[in-house]
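The lines below spell out each chain.
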Amino acid sequence: MSHFFKSSAICRTPLIGVFLGFAGALILISPLGRGQPGKYGFAPGEIPPAVQGAMSRLGANPDDPSVTLEVAKTLINQGRMRGNSEVVAIADNLLTSMKDGKNMAEALKYRAIAQQYLHEFDEALELLELSLSLNGNDPTALLTRANILLVQGRTLEAKTACRALAKTGRADLLLLCDTTAKALGPEALMAASRLNAMIKSGRMDPALTGYGYSVLGEIAMFQGDDKLAQSLFEKAQIADPENLRVRALHADSFLALGQPEAAINALDVMADTDALLVRRAIAFKLAGDAASLSRIESEFSSRVQSNLQEGHIGHAREEARYFLEVTNEPSKALERAKLNWKVQREFEDAWLLIDSARAANASDELDTVRSWMRAETVVAPELVSRLPRD
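Note that the structure is a prediction, hence the values are computed from the model and not measured.

Caption draft 1: Representation of the state of the cysteines. Here the structure, examined in full by the defined rule, presents one disulfide. The disulfide partner of Cys162 is Cys177, and the gap between their sulfur atoms is 2.0 Å. Because the sign of the S-S torsion sets the handedness, a value of about -75° for the bond joining Cys162 and Cys177 places this disulfide among the left-handed ones. Of the two residues, Cys162 sits in helix H8 (residues 155-163) while Cys177 sits in helix H9 (residues 171-181), which places them 15 residues apart along the sequence. Per residue, the accessibility class of Cys162 equals that of Cys177, and both read buried.

Caption draft 2: Main features of the pattern of salt bridges. For the structure on display, the rule yields 31 salt bridges. Here Asp252 makes a salt bridge to Arg279, at a shortest N to O gap of 2.9 Å. With Asp252 in helix H13 (residues 244-256) and Arg279 in helix H15 (residues 274-287), this pair connects stretches of sequence that are 27 residues apart. For Arg279, a relative accessible area of 2% gives the class buried. Note that Glu348 is salt-bridged to Arg317, the shortest N-O span being 3.5 Å.

Caption draft 3: Examining the packing of H13 against H15 more closely. Running from N to C, H13 and H15 point in directions that differ by 25°, and their axes come no closer than 10 Å. Relative to H15, H13 is oriented roughly parallel. Our pair here, H13 against H15, has a crossing hand that is left-handed. Here Leu244, Arg245, Ala248, Asp252 and Leu255 of H13 lie close against H15, whose contacting residues are Leu276, Arg279, Ile282, Ala283 and Leu286. In terms of residue class, the contact of H13 with H15 is made up of seven nonpolar, no polar and three charged.

Caption draft 4: The side chain of Asp178, seen in detail. With respect to the helices, strands and loops of the structure, Asp178 is situated in helix H9. Of the residues examined, Asp178 reaches a relative accessible area of 16% and is grouped as buried. In contact with Asp178, other than residues within four places in its own chain, are Cys162 and Arg194.

Caption draft 5: How the structure looks around the packing of H8 against H9. Where H8 meets H9, the closest approach of the two axes is 9 Å, and the angle between their N-to-C directions is 170°. In terms of orientation, H8 and H9 fall into the roughly antiparallel class. Mapping the contact onto sequence places Thr155, Ala158, Lys159, Cys162 and Arg163 in H8 and Leu174, Cys177, Asp178 and Ala181 in H9. Within the contact of H8 with H9, the residues separate by chemical class into five nonpolar, one polar and three charged.

Caption draft 6: Broad picture of the packing of aromatic side chains. Per the stated rule, a full pass over the model turns up four aromatic pairs. Their ring planes at 35° and their centres at 4.4 Å tell us that Phe222 and Phe347 sit as a pair that is tilted. Taken as a pair, Phe222 in helix H11 (residues 209-223) and Phe347 in helix H19 (residues 347-359) lie far apart in primary sequence, 125 residues in all.

The rules behind these values
- Residues numbered from 1 in each chain as written.
- Predicted model: local features only at pLDDT ≥ 70, side-chain atom pairs only at ≥ 80, totals over all residues.
- Heavy atoms only, no water.
- Disulfide = S-S within 2.5 Å.
- Helix = DSSP H or I, 4+ residues; strand = E, 2+ residues; numbered from the N terminus.
- Buried < 20%, exposed > 50% of the residue type's maximum accessible area, 1.4 Å probe, protein only.
- Salt bridge = Lys/Arg side-chain N within 4 Å of Asp/Glu carboxyl O.
- Axes fitted to C-alpha atoms, helices over the stretch in contact; angles between N-to-C directions.
- Parallel < 35°, antiparallel > 145°, perpendicular 65-115°, else oblique.
- Left-handed = near helix turned anticlockwise from the far one by under 90°.
- Contact = heavy atoms within 4.5 Å.
- Nonpolar A, V, L, I, M, F, W, Y, C, P; charged D, E, K, R; others polar.
- Phe/Tyr/Trp six-rings, centres within 6.5 Å; stacked < 30°, edge-to-face > 60°.

Everything listed here is a matter of geometry and, on its own, says nothing about what the molecule does.
Rendered as structure tokens:
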């Protein structure tokens, strides 16, 4: 069971997201086609061909639900790949306005996927329940539901949700889901060993290989084995090079190993999400690249200010890490970590709250994480080691 994890090191970082990147209404079609600034989040001349083609089909078939659904899928896929929430939000608007969309399992499912990406987790779960009431054997909907429960820190519920995948006949998805749900608990190593064996056997859908290696990489990270985590995230990145989440995790493993230049290389993609920006800032700071760090600090500070003015907490996780590791402002980091904890309760959220509380000398805040860990049977060494003994 434990042969899979036999390296060394100490780590720090994130969780597991849903594995799929999925391949406004009609009034917005023409401006998009002309590439006007800001429409759908794409700058003039930078609208992907897939989006142009999708919108052209919608313009020719504005009342065809199947076309609207395919266009929304394309927009969600492009938005997720590029880290562009505006594109995903417009896809959700298309689905919301779609005729009879409330009675279509697929439309409800993709609305849920959009809401998940926009951090509206409760809304996403409600939509998934409606979708599953129409098609209870949809593996994507079942897996998405389990992953959202994990994001919310409802680990025990997620384990139960994963078991529903058994009825789909997809043993690979069931194992991926089950391993993810057990990643922070006492069964983590045994679950990882089973998943590793399935990947090696070739019985897993090749399209899921990158996802599988990312799950194994996170478990290695949770166990404190940064070297193994880095090698597994490298395999995940090779298998799924456009997955921004995998690249962020890969960068985290390099940062934990004290290799900021390698982290910068892993983050070398045409996307500027907050998650990527904060990791670039940390890497440039560790590498001593003051000029690059200054540029990112200017951009990130502007985003933080905008989020504060709008009362938006969807990026509180990244802001907490920015204040903690880039600007060394533990009180601000703790404030954002506490806000983030109301929405997300994963590995990264837990260690951010722990480290921010300790840096801010607010040890009473640690009981929040302890209570969650006890309730959800979380025993990951990288969290346990961060908490002072009771």
